[in-house]
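Each chain, written out:
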Amino acid sequence: MDAVDFLVIGAGISGASAAYELAAVGSVCLIEAEAQPGYHSTGRSAALYTANFGSPLVRKINAAGYGFFLAPPDGFTDLPLVAPRGALTLAKPGQEAALAALVAQSSPDHPIVPLSRDAALAKAPLMRPERFTAAAYEAGVLDMDVDALHQAYLRGVKRRGGALQSSAPVTALRRDGDGWIVTAGGVAVCARVVINAAGAWGDAVGALAGAAPQGLVPKRRTAMTVDAPPGLAVESLPLVEYVGEGPYLKPEAGALMASLGDETPVAPQDVQPEELDIALTAEWLETHTQVTVKRAPRAWAGLRSFVADGDPVAGFDPTVPGFFWLIGQGGYGIMMAPTLARITAALAAGQPMPADLAARGITAAALRPGRSG
């Protein structure tokens with residue numbers, strides 16, 4: 001029977017990044033239920049780095065990872081992980097106060113500045129001018145190359161001596177002395193610590209270990225791509241959204257990607273887009289932009305999983321020894337990956353919160369499992 005220090009369940013961006021950092025302090029096995037790592041959420045993410053988005057804790061975690069994305073460690077990847085995009089936020093009549101509140105959340109490193117309507121239309125000429133009265137722009141929002149980041153982490157795990165096993169769903173978790181025996185894909189592995197990075201299936205994996213659920217709720221989000229209006233310089237567009245509303249659009253491989261920003265609770269599954277969501281997204285596009293949806297768009301759906309307070313969970317279970325939770329990243333998993341991975345590697349190895357993260361006000365108590373129960 002193989003034996004490792006850390007067995008990580010789930011090879012999406014959360015598990016892959018954690019395994020990469022853990023492989024620097026011990027032996028690691030990374031297991032994935034699907035044939036392809038990142039199949040459910042990571043591979044369906046249209047991620048942006050948005051420093052001024054999310055709860056106060058999420059913002060601290062994202063800010064701590066900014067340097068990693070701009071300048072990853074030597075040998076980590078030959079590809080740029082981020083590229084300029086920018087975000088344009090519009091306000092409908094009556095939403096001006098909400099827009100001012102957004103501008104007030106600006107930080108010196110990532111400013112949000114008011115824009116005139118004319119300046120907003122110059123950045124996003126496809127938007128209908130009668131649909132907004134004010135605007136703000138955040139230049140520091142970045143496109144993220146999710147696949148480049150994910151693959152770099154997976155390669156890094158192997159380079160550091162870790163193992164990756166795909167098509168290996170966990171069927172049993174049994175405490176054995178001071179460690180665990182984990183059965184996955186018909187093979188048993190002995191591990192000192194189990195890291196539960198199973199995404200939407202996190203509570204199901206926890207149940208196999210005899211741990212109390214964290215109240216994890218997977219939520220479906222549908223997105224689609226459509227052709228841009230003729231003559232529009234698509235790649236120069238920022239992300240465009242309305243303040244306080246879910247729908248948004250952004251460039252995607254020469255086309256326009258749009259989503260209602262929906263968060264529909266569902267059971268953990270290979271989630272698929274709903275026809276109603278597709279129709280409503282097309283209607284939003286035609287109402288708010290110059291786009292005419294002339295043919296069936298390419299649509300997909302992904303899962304974003306949350307606990308009650310919306311912040312991630314990272315820490316040892318309070319009652320089950322050697323079982324570490326790493327779940328509940330919601331819609332911020334790609335942005336938070338480098339920082340949460342460092343936190344996981346430190347706490348799982350019995351070390352304190354890294355000093356630079358503690359200096360930002362990130363605490364183990366804020367991330368602890370069971371806080372929502």
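Structure's up top.
Residues numbered from 1 in each chain as written. Predicted model: local features only at pLDDT ≥ 70, side-chain atom pairs only at ≥ 80, totals over all residues. Heavy atoms only, no water.

S.K.: A description of the packing of aromatic side chains should follow, citing residues and the corresponding values.
M.R.: Evaluation of the coordinates by the stated rule reveals twelve aromatic pairs. Plain terms: the ring middles of phenylalanine 316 and phenylalanine 324 are 5.1 Å apart, the flat faces sit at 80° to each other, and that makes the pair edge-to-face. Relative accessible area serves as the criterion here: at 33%, phenylalanine 316 is assigned to the partly exposed category. Plain terms: the ring middles of phenylalanine 323 and tryptophan 325 are 5.4 Å apart, the flat faces sit at 85° to each other, and that makes the pair edge-to-face. A single burial state applies to phenylalanine 323 and to tryptophan 325, both of which are buried. Chaining the aromatic ring pairs together yields one cluster made of Tyr20, Tyr49, Tyr66, Phe68, Phe69, Phe76 and Tyr153. The ring of tyrosine 242 is capped by lysine 92, whose NZ or CZ atom sits 5.0 Å from the centre of that ring. (Phe/Tyr/Trp six-rings, centres within 6.5 Å; stacked < 30°, edge-to-face > 60°. Buried < 20%, exposed > 50% of the residue type's maximum accessible area, 1.4 Å probe, protein only. Lys NZ or Arg CZ within 6 Å of the ring centre and 35° of its normal.)

S.K.: Mind laying out the packing of helix α1 (residues 13-22) against helix α5 (residues 146-159), listing which residues take part and the relevant values?
M.R.: Interhelical geometry of α1 versus α5 gives an angle of 35° and a closest axis separation of 8 Å. Remark: the crossing between α1 and α5 carries left-handed chirality. Of the residues in α5, those in contact with Ile13, Ala16, Ser17, Ala19 and Tyr20 of α1 are Leu149, His150, Tyr153, Leu154, Gly156, Val157 and Arg159. Here the residues of the contact of α1 with α5 are counted per class, giving eight nonpolar, three polar and one charged. (Axes fitted to C-alpha atoms, helices over the stretch in contact; angles between N-to-C directions. Helix = DSSP H or I, 4+ residues; strand = E, 2+ residues; numbered from the N terminus. Left-handed = near helix turned anticlockwise from the far one by under 90°. Contact = heavy atoms within 4.5 Å. Nonpolar A, V, L, I, M, F, W, Y, C, P; charged D, E, K, R; others polar.)

S.K.: Describe unusual backbone geometry, naming the residues involved and giving the relevant values.
M.R.: Even without a glycine there, the phi angle at serine 167 is positive, about 55°. Note that serine 167 resides in the loop between β9 (163-165) and β10 (170-176). You will see that alanine 253, though not glycine, has its phi angle at about 50°, which is positive. Residue position: alanine 253 is located in the loop between β15 (248-252) and β16 (255-259). By relative accessible area, which is 78% here, alanine 253 ends up exposed.

S.K.: Give me the lowdown on the pairing of β10, citing residues and values where you can.
M.R.: In the sheet, β10 pairs with strand β11 (residues 179-184) via six bridges, with the strands oriented antiparallel. By the bridge assignment, leucine 173 is partnered in β11 with valine 182. As consecutive antiparallel partners, β10 and β11 are separated by two residues, and within that stretch glycine 177 has a phi angle of approximately 65°, a positive value. (Pairing = 2+ DSSP bridges.)

S.K.: Go over the sheet that holds strand β4 (residues 82-84), please, and point to the residues and values.
M.R.: The strand order across the open sheet formed by three strands is β3-β8-β4, and the pairing between neighbours is antiparallel. At either margin of the open sheet sits one strand with a lone partner, and together these are β3 (48-49) and β4. The pairing of β3 with strand β8 (residues 142-144) spans two bridges and is antiparallel. Across the sheet, residue leucine 48 finds its bridge partner in β8, namely aspartate 143.

S.K.: A description of the environment of serine 107 should follow, citing residues and the corresponding values.
M.R.: Note on placement: serine 107 falls in the loop between α3 (96-104) and β6 (113-115). When its relative accessible area of 23% is taken as the criterion, serine 107 is described as partly exposed. As a C-alpha pair, serine 107 and alanine 282 span 175 residues in sequence and 34 Å in three-dimensional space.

S.K.: Any details on the pairing of strand β19 (residues 313-316)? Residues and values, ideally.
M.R.: Here β19 pairs with strand β20 (residues 323-327) via four bridges, running antiparallel. When the sheet's bridge partners are listed, glycine 315 is paired in β20 with tryptophan 325. In textbook terms, the turn of a hairpin is the stretch between consecutive antiparallel strands, and for β19 and β20 this stretch comprises six residues, one of which, glycine 322, has a positive phi near 70°.

S.K.: Break down the pattern of salt bridges for me, citing the residues and quoting the values.
M.R.: One pass over the full model with this rule turns up 13 salt bridges. When the shortest N-O distance is used, the salt bridge between aspartate 5 and arginine 192 registers 3.8 Å. A residue pair is termed long-range when its members are at least 10 positions apart, and aspartate 5 in strand β1 (residues 2-9) and arginine 192 in strand β12 (residues 187-196) qualify at 187 residues. Its salt-bridge partner being aspartate 309, residue arginine 371 comes within 2.6 Å of it at the nearest N-O pair. A residue pair is termed long-range when its members are at least 10 positions apart, and arginine 371 in the segment after α10 (364-367) and aspartate 309 in the loop between β18 (298-306) and β19 qualify at 62 residues. When its relative accessible area of 18% is taken as the criterion, arginine 371 is described as buried. Of the residues examined, aspartate 309 reaches a relative accessible area of 38% and is grouped as partly exposed. When salt bridges with common partners are traced through the structure, they connect Arg85, Asp143, Glu235, Lys250 and Glu252 into a single cluster. (Salt bridge = Lys/Arg side-chain N within 4 Å of Asp/Glu carboxyl O.)

S.K.: Please set out the packing of α1 against helix α8 (residues 333-348) residue by residue, giving values where relevant.
M.R.: Two numbers describe how α1 lies on α8: the axes approach to 8 Å, and their chain directions differ by 40°. Relative to α8, the element α1 is oriented oblique. The handedness of the crossing between α1 and α8 comes out as right-handed. In contact with Ile13, Ser17, Ala18, Glu21 and Leu22 of α1, α8 contributes Gly333, Ile334, Ala337, Ala341, Arg342, Thr344, Ala345 and Ala348. Per-class residue counts for the contact of α1 with α8 are eight nonpolar, three polar and two charged. (Parallel < 35°, antiparallel > 145°, perpendicular 65-115°, else oblique.)

S.K.: Would you mind going over the nonpolar core in detail, with residue names and values included?
M.R.: Buried together is how nonpolar side chains tend to be arranged in soluble globular proteins. Residues Leu22, Leu149 and Leu367 are the most contacted members of the largest nonpolar core, which totals 53 residues. A total of nine residues in this core trace back to one element, the largest contributor, which is α8. Counting residues in each nonpolar core, the second largest holds 26 residues, with Leu88, Phe132, Val240 and Ala258 among its members. (Core = buried A, V, L, I, M, F, W, Y, C linked by side-chain atoms within 4.5 Å.)

S.K.: Go over the side chain of aspartate 317, please, and point to the residues and values.
M.R.: Relative to the helices and strands, aspartate 317 is located in the loop between β19 and β20. Among buried charged residues, aspartate 317 stands out as having no salt bridge; its nearest opposite-charge side chain is arginine 175, 11 Å away. Polar contacts involving the side chain of aspartate 317 include one to the side chain of tryptophan 325, which spans 2.8 Å. With residues up to four places along the chain from it excluded, the contact list for aspartate 317 reads Ala211, Ala212, Gln214, Phe323, Trp325 and Pro369. (Lys, Arg positive; Asp, Glu negative; His and termini not counted. Polar contact = N/O pair within 3.5 Å; in protein donor to acceptor, adjacent residues only side chain to side chain.)

Everything listed here is a matter of coordinates, which is why it stays silent on function.
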